[in-house]
Amino acid sequence: MEHADAYPHGLVGRMRELGLFGALVPAAYGGLGLDVSTYARVVEEICRGFMSLAGVVNSHTMAALIVLHHGTDAQKQRLLPRFARGEARGGLCLTEPHAGSDVQAIRTVARREGDDYVITGTKMFVTNGREGNTFALLAVTDPGARPRHRGMSCFVVEKGVAGLSVVKSIGKLGYKGVDTAELLFEDFHCPAANLVGGVEGRGFAQIMSGLETGRINIAARAVGVAQAAYDDARAAVADPAIPPPALADMAAGVGAARLLTYWAAGMKDRRERCDLEAGMAKLYASEVAHAVAATALRVAGRRGLRTTERLERYYRDTPLMIIGEGTNEIQRTIIARNLVDRYGERLGALTSREAEMDATREMVLAVRLFADKEIAPLASELDGDPERLAATVKTLGDLGVLGALTPPDAGGLGLELRTAALLVEELARASGAVAAVVAGHLAATAALTAQTRSAPRRWLPLLARGERLATFLDEPIALLAEADAHRLSGRVTATTAGIDLFVAAERAGDRGVLIERATVGSG
Ligand SMILES: Cc1cc2nc3c(=O)[nH]c(=O)nc-3n(C[C@H](O)[C@H](O)[C@H](O)COP(=O)(O)OP(=O)(O)OC[C@H]3O[C@@H](n4cnc5c(N)ncnc54)[C@H](O)[C@@H]3O)c2cc1C
């Protein structure tokens, strides 16, 4: 079916039965009302099987979302139930022969004539162009407007009226089966009631507002294809006793792409601004998918190239995700610009903290400011001066960082491990050395907190205030019982000047070992 580039009517019918044409349409209009995270998982699973199917649903969904978010009540009542049932089969008409990335260069014109707009122009690469019947179309309604996008409007154009013809289907490298067509509008009469939102000049913004969901969708598609390519490559390994190391990079790439994608989807569901994150997910996941598909061919050897195998299809399908929904070259430019323009707007590195509790956000912000102001300027000096490093770390006691994992009854903040990790991340942005000492200190306080005996716990208030510094040793220590004492042996590799207490696990057994600095090296 894929090689014949035949439209998958049967599978599309099944998707309609499953309600997927109304995946993001609210239940009030007859849809499934899924959130974007769930929709992305659905898309990923579909693409593990056949990526083209997701294209059928996604272009349709984009058109439905434009009506949902920007349509008049009458437009929503009339169109959304039809979209949800799959009677109205949607698509997007933006690209033109001379306007791809630069959407503002479109020349399709919509001229008001009585109760209609008369549309003239050519739209290229319209997914669902042949099989679909209801398109969101961007056209120029005010050619004199500057900037040009202020003179653009979005219309819902429905087939069945003279003046709209499918000129031809466009053959493609991959992404076969789904129809991609050139549509010609020649004095096509579109009712004014189909002007989205009922007001001219808002079309460009209406179309662009759907891009976050569109990019998350492309990222999810890429994750699905990458997963499928990885699965087939693993299955093709000739000798499981010597798996090719490339599998490690493939699996890591797929996992990272998935995390980025669901991170962006989660933000979208929480109604946070996520243009940057959705762009990063789209960029990264599509590049990973392409690389994983290519590596899968290498791993499988000559078998992967056979047209009876799936691997060559994955390889042909991935470029679409690099080009569609904003090319990756343009994504990079936009992301880089955003990273510079919006630096500092977010509370932590590149990671959204908006979903965190207020107290956590404030704590992270306080540590970030401290790290930026007090630690970053000293970072290179601290690297070579352990005494000063320890003294600097101790100042974090005032902020509560050093007692982050210590319970309040022992003088700490009793934060979750997750929050403590955010604090360490903030410190690491300023100085890796400071972050490492703090991480060791927190690990030691966590180990002491887990103790039931009072002797070890007496250290906790001192450590929380930063009056003493501790660290957790990576290497277990041997504990040899002697008459009225214990002899310890083991190598302390994490020593830093200024550390007062070392906490370690016992090499044989489940006890913890506390070593005060004064005793190190004594036996
Ligand atoms: C399979 C498929 C399905 C599609 N479905 C649809 C659809 O349903 N509806 C629709 O409207 N469109 C659709 N498109 C079109 C898609 O949105 C465009 O391909 C995309 O916007 C890129 O435009 P272009 O292909 O004309 O490339 P161009 O804009 O010509 O770009 C060519 C190259 O130049 C680079 N470039 C261009 N401008 C800049 C810049 N300012 N800075 C840096 N680099 C730049 C690009 O990154 C790219 O590498 C589809 C495309 C494909 C391949």
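What counts and how
- Residues numbered from 1 in each chain as written.
- Predicted model: local features only at pLDDT ≥ 70, side-chain atom pairs only at ≥ 80, totals over all residues.
- Heavy atoms only, no water.
- Salt bridge = Lys/Arg side-chain N within 4 Å of Asp/Glu carboxyl O.
- Pairing = 2+ DSSP bridges.
- Helix = DSSP H or I, 4+ residues; strand = E, 2+ residues; numbered from the N terminus.
- Axes fitted to C-alpha atoms, helices over the stretch in contact; angles between N-to-C directions.
- Contact = heavy atoms within 4.5 Å.
- Near = heavy atom within 4 Å.
- Polar contact = N/O pair within 3.5 Å; in protein donor to acceptor, adjacent residues only side chain to side chain.
- Areas by Shrake-Rupley, 256 points an atom, 1.4 Å probe, with all protein chains shown as cover.

Caption draft 1: A look at the pattern of salt bridges. This structure, assessed with the given rule, holds 25 salt bridges. Linking glutamate 87 and arginine 82 is a salt bridge whose minimum nitrogen-to-oxygen distance equals 3.9 Å. Residues joined by salt bridges that share partners form a network here, namely Arg78, Arg82, Arg85, Glu87 and Glu158.

Caption draft 2: Just the sheet that holds strand S8 (residues 470-472), in detail. Taken together, the three strands give an open sheet; going across it, the order is S8-S11-S12, and neighbouring strands pair in mixed fashion. The open sheet has two edge strands with one neighbour each: S8 and strand S12 (512-516). On average, each strand axis in the sheet is tilted by 20 degrees relative to the strand beside it, whichever way the strands run. With five bridges joining them, strand S11 (residues 501-505) and S12 adopt antiparallel strand pairing. Bridge assignment links phenylalanine 502 to a residue of S12, and that residue is isoleucine 515. Its contacts with the sheet put helix H15 (residues 432-449) on S8, S11 and S12, and the angle it makes with S8 is roughly 85 degrees.

Caption draft 3: Representation of the pairing of strand S2 (residues 109-113) within the structure. Relative to strand S3 (residues 116-127), S2 runs antiparallel, the two sharing five bridges. Residue valine 109 lies in a different strand from S3, and its bridge partner there is threonine 120.

Caption draft 4: Spotlight on the site of the ligand. In the vicinity of the ligand there are 15 residues, among which Thr95, Ser101, Phe125, Thr127 and Thr327 approach most closely. Take threonine 95: an N or O atom from its side chain is 2.7 Å from a nitrogen atom of the ligand. Threonine 127 places a side-chain nitrogen or oxygen 2.9 Å from a nitrogen atom of the ligand. Computed on the free molecule, the ligand has an accessible area of 970 Å², of which 60% lies beneath the protein chains in the complex. When contributions to the shell around the ligand are tallied by element, the ones reaching two or more residues are S3, helix H9 (311-323) and helix H10 (328-341).

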